[in-house]
Every structure is written in structure tokens, then in C-alpha cells.
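# Summary of structural features
What follows is each chain in one-letter form.
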Amino acid sequence: EIGPGQGALTEPLLDACDGSLQVVELDRDLIPILRVKFFNAKNLQIHESDALKFDFGSLAQQAPLRVVGNLPYNISTPLMFHLLTFGTQIKDMHFMLQKEVVERMVAQPSTPAYGRLSVMLQYHLQMDYLITVPPGAFEPAPKVESAFVRCVPHATLPFIAKDEAVFAKVVLAAFS
């Protein structure tokens, strides 16, 4: 789990988890809260780290990762690109994000939301918009709607770029 905060999602994840639950939290003030709240959880490991720099591959020793989180809106795009670098080690990802970001992630060609994010993520992942979450579902309520998205790495890429770095540069230039 990325960004467990005070553990609202962590608790049901622990109940549903067969193996270990690894959480990555940057906020040093929240780490002690998590340690106290889950002191009895034998299958929980807390990593005090910046998810944008964290080596998620280090957690994929026994099985591919299932990554979840209610991602901070301001880092959602760079975090998604960081997670793509661990593609073969990830089974699936489920995230709550700002609705506009999810709409861009799943956008189809010739739609207003279609852009660099759509192309680059869909190249690597099957993207599914799951549900919209209204502001009232949070305390305090944000000023934006959220949405839940599922991202599953393609077993076989839909097409193969001869050079992914060049592909990324062309996509960036095309949408600049």
C-alpha cells in the first residue's frame, strides 16, 4: 500500500491479505501512529520512504506485487511512471486518484482527455475506470471528485517499440 496515512485502508487490507502487507509512508508523523495501531500485525511491514524513490522490486521476492493506494494527487503521474519501471514484478495496481487524472489515464484516441499519459500508460497497462468517488466520501471532503482505477500490466505488449526511450520522446513531442 502506498501512503497508508493513519491506516484506514490498511486494516481491511490486512484482513484480506494472504501473505505480507508492505506499506510505504513518507510522513514521519504518521509512522508512530501506524506502529501503535498495528503493533499486533505480524504480516505488516512499514517502510518509511518516498514512494517516488522506493525500490518496489525489492518487495517482489516471492510473487508479483499487488499495489494499492489512495494516491496524493500531486504525485500521481510521476508515481505511475516510477511504478512502470517495475512492470514485470507487478501483478496489478488499484488506485484512488483525482477523477480528471483517471479520465486521462483511460482516455481513448480522438477524445479531449487523450494525451501523453493515456498513450504511455496504455502502452504498458490495461487501464479500467472502476468507480467515481464523491468528495463526501472523505473527511474532510476535497474540492474534487475522485475515481478508482485498475491497472494490469499487459502479458504481451499491444505493439513493440523498437526503442522505448525514443517512443517516449516522440509521444512527449507529439503532445507538447
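Our structure's up above, just so we're on the same page.
Just so it is clear, the structure is predicted and the values come from calculations on it, not from any experiment.

The peptide bond linking Glu-139 to Pro-140 adopts the cis configuration, its omega dihedral lying at -5°. Along the polypeptide, Pro-140 turns up in the loop between β5 (125-133) and β6 (146-153). Backbone geometry places Ser-110, a non-glycine residue, at a positive phi of 70°. By the element assignment, Ser-110 lies in the loop between α4 (99-106) and α5 (116-124). Overall, the relative accessible area of 79% leaves Ser-110 in the exposed class.

Here Ser-118 lies in helix α5. Leave out the neighbours within four places in its chain, and Ser-118 touches Arg-104, Met-105, Ala-107 and Ala-113.

Turning next to the environment of Leu-59. Its location among the elements puts Leu-59 in the loop between β2 (44-48) and β3 (65-70). Note: C-alpha distance between Leu-59 and Ser-20 (39 residues apart in sequence) is 9.9 Å. Once you skip the residues sitting within four places of it in the chain, Leu-59 turns out to touch Gln-22, His-47, Phe-54 and Leu-65.

Turning our attention to the pattern of salt bridges. Across all of its chains, the model carries six salt bridges by this definition. Between Lys-37 and Glu-11 there is a salt bridge, and its shortest N-O distance comes to 4.0 Å. Of this pair, Lys-37 sits in helix α2 (residues 30-37) while Glu-11 sits in helix α1 (residues 10-16); the two residues are 26 residues apart in sequence, bridging distant segments of the chain. Its relative accessible area of 41% is what places Lys-37 among the partly exposed residues. When its relative accessible area of 41% is taken as the criterion, Glu-11 is described as partly exposed. When salt bridges with common partners are traced through the structure, they connect Lys-99, Glu-103 and Glu-145 into a single cluster.

Reading the values: rules and limits
Residues numbered from 1 in each chain as written. Predicted model: local features only at pLDDT ≥ 70, side-chain atom pairs only at ≥ 80, totals over all residues. Heavy atoms only, no water. Helix = DSSP H or I, 4+ residues; strand = E, 2+ residues; numbered from the N terminus. Buried < 20%, exposed > 50% of the residue type's maximum accessible area, 1.4 Å probe, protein only. Contact = heavy atoms within 4.5 Å. Salt bridge = Lys/Arg side-chain N within 4 Å of Asp/Glu carboxyl O.

Note that every value here comes from positions in space, so none of it alone points to a role or purpose.
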